[in-house]
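Single-letter residue listing:
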Amino acid sequence: MSKEILINPARLRDAERIVRITMAIILITAGTSKFFSDGGFVNYYSGLFQGDLRIQLPAILIDMYLSCIQYIEVGLGLALLVPRLKAYTMYGWFGFMLSLLVGHYILQEWSAVNQMLDYIFLGVLCFVLPMHGESEVTNQQ
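Bear in mind that the values here come from a model prediction, so they are computed numbers and not experimental data. (Residues numbered from 1 in each chain as written. Predicted model: local features only at pLDDT ≥ 70, side-chain atom pairs only at ≥ 80, totals over all residues. Heavy atoms only, no water.)

Some details on the pattern of salt bridges
What the rule picks out here adds up to 3 salt bridges. Residues glutamate 16 and arginine 20 are paired through a salt bridge, measuring 2.8 Å at the closest nitrogen-oxygen approach. Of this pair, glutamate 16 and arginine 20 both sit in helix 1 (residues 9-35), 4 residues apart, roughly one helical turn. In this structure, glutamate 16 and arginine 20 share a single accessibility class: buried. Of the charged contacts in the structure, one is a salt bridge between lysine 34 and glutamate 73, with a shortest N-O distance of 3.1 Å. Placement of the pair is lysine 34 in helix 1 and glutamate 73 in helix 3 (residues 59-80), with a sequence separation of 39 residues. According to the relative accessible area criterion, lysine 34 is buried, its value standing at 13%. Here the salt bridges share partners, and the residues they tie into one network are Glu16, Arg20 and Lys86. (Salt bridge = Lys/Arg side-chain N within 4 Å of Asp/Glu carboxyl O. Helix = DSSP H or I, 4+ residues; strand = E, 2+ residues; numbered from the N terminus. Buried < 20%, exposed > 50% of the residue type's maximum accessible area, 1.4 Å probe, protein only.)

So this is what it looks like as C-alpha cells:
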C-alpha cells in the first residue's frame, strides 16, 4: 500500500517561515509603536488597572510590567527572525500572549480575551509546522 503526501513538505516549511515572519512583524510593530508613544501606553493601561476591578494587583507590579512590554515585543520579534532560536522563542511567544490574555481578563475586556486566542493559535501553527533545514521524518512500515 503506497502512502501519498497530501501537502508538499517544502510548502509546509515555507508556510512556517511566513507565519514566523508575520509573528515577528506583529511584535516589532507593536513594540516600536510603544517606544514612540511617549509614555502614553503605560499611562493609559496603568490607569485602567487602577479601576474598580475584581482582581487588584499592586500598581508597582503593573507599571513595571507595562514598562517592559515594548522591550519584550521587540526582543521576541527579533528573536523570531532567527530560525535556530525558534524552539525558545515559541515558548516566549506563548508566555507573552498568555500574559496579555490574563491582563485583558483582569480588565474584563472579554472581546480582547477572545481576540488573544487568534495569536495563540498563530503560535501553535508556527510551532507544529516544520522549518527549513529540519530533517524529514520518514514513516517506515
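What to know about unusual backbone geometry
You will see that aspartate 38, though not glycine, has its phi angle at about 55°, which is positive. Here aspartate 38 lies in the loop between helix 1 and helix 2 (40-49). A relative accessible area of 75% places aspartate 38 in the exposed class. In this structure, glutamine 108 is a non-glycine residue whose phi angle is positive, near 60°. Take glutamine 108: it is sitting in the loop between helix 4 (86-106) and helix 5 (110-128). With a relative accessible area of 31%, glutamine 108 lands in the partly exposed category.

Considering the side chain of serine 46
Among the structural elements, serine 46 can be located in helix 2. Serine 46 has contacts with Ile62, Asp63 and Leu66, leaving out every residue within four places of it along the chain. (Contact = heavy atoms within 4.5 Å.)

Comments concerning helix 5
The terminal C-alpha atoms of helix 5 lie 28 Å apart, and with 19 residues this matches the ideal 27 Å at 1.5 Å per residue to within 8%. Taken together, the buried positions of helix 5 are Ala112, Val113, Met116, Ile120, Leu122, Gly123 and Cys126. One side of helix 5 carries all its buried residues, which in axial view fall inside an arc of 155°. Turned more than 90 degrees off the buried face of helix 5, the exposed positions are Ser111, Asp118, Phe121 and Val128. (Expected span 1.5 Å × (residues − 1). Arc of directions from axis to C-beta.)

Some thoughts on the confidence of the model for the protein chain
Summarising the model, the protein chain shows a mean pLDDT of 90, and 91% of its residues fall at 70 or more. In the predicted structure, residues 136-141 sits below a pLDDT of 50 and forms 4 contacts with residues beyond four places in sequence or in another chain. (pLDDT = per-residue confidence, 0-100.)

Observations concerning the packing of helix 1 against helix 5
Helix 5 packs onto helix 1 with a crossing angle of 145° between their chain directions and a minimal axis gap of 9 Å. Helix 1 and helix 5 meet at a crossing whose hand is left-handed. Residue-level contacts link Glu16, Val19, Arg20, Met23 and Ile26 of helix 1 to Tyr119, Leu122, Gly123, Leu125 and Cys126 of helix 5. Its residues assigned to classes, the contact of helix 1 with helix 5 comprises 7 nonpolar, 1 polar and 2 charged. (Axes fitted to C-alpha atoms, helices over the stretch in contact; angles between N-to-C directions. Left-handed = near helix turned anticlockwise from the far one by under 90°. Nonpolar A, V, L, I, M, F, W, Y, C, P; charged D, E, K, R; others polar.)

So, the nonpolar core
Met23, Leu27, Leu80, Trp93, Phe96 and Met97 are the most contacted members of the largest nonpolar core, which has 26 residues in total. Elements represented by at least two residues in this core include exactly helix 1, helix 2, helix 3, helix 4 and helix 5. With 8 residues, helix 4 is the largest single contributor of residues to this core. If near-sequence neighbours (up to four positions away) are discounted, leucine 27 is found in contact with Glu73, Val74, Leu76, Gly77, Leu80, Trp93, Phe96 and Met97. (Core = buried A, V, L, I, M, F, W, Y, C linked by side-chain atoms within 4.5 Å.)

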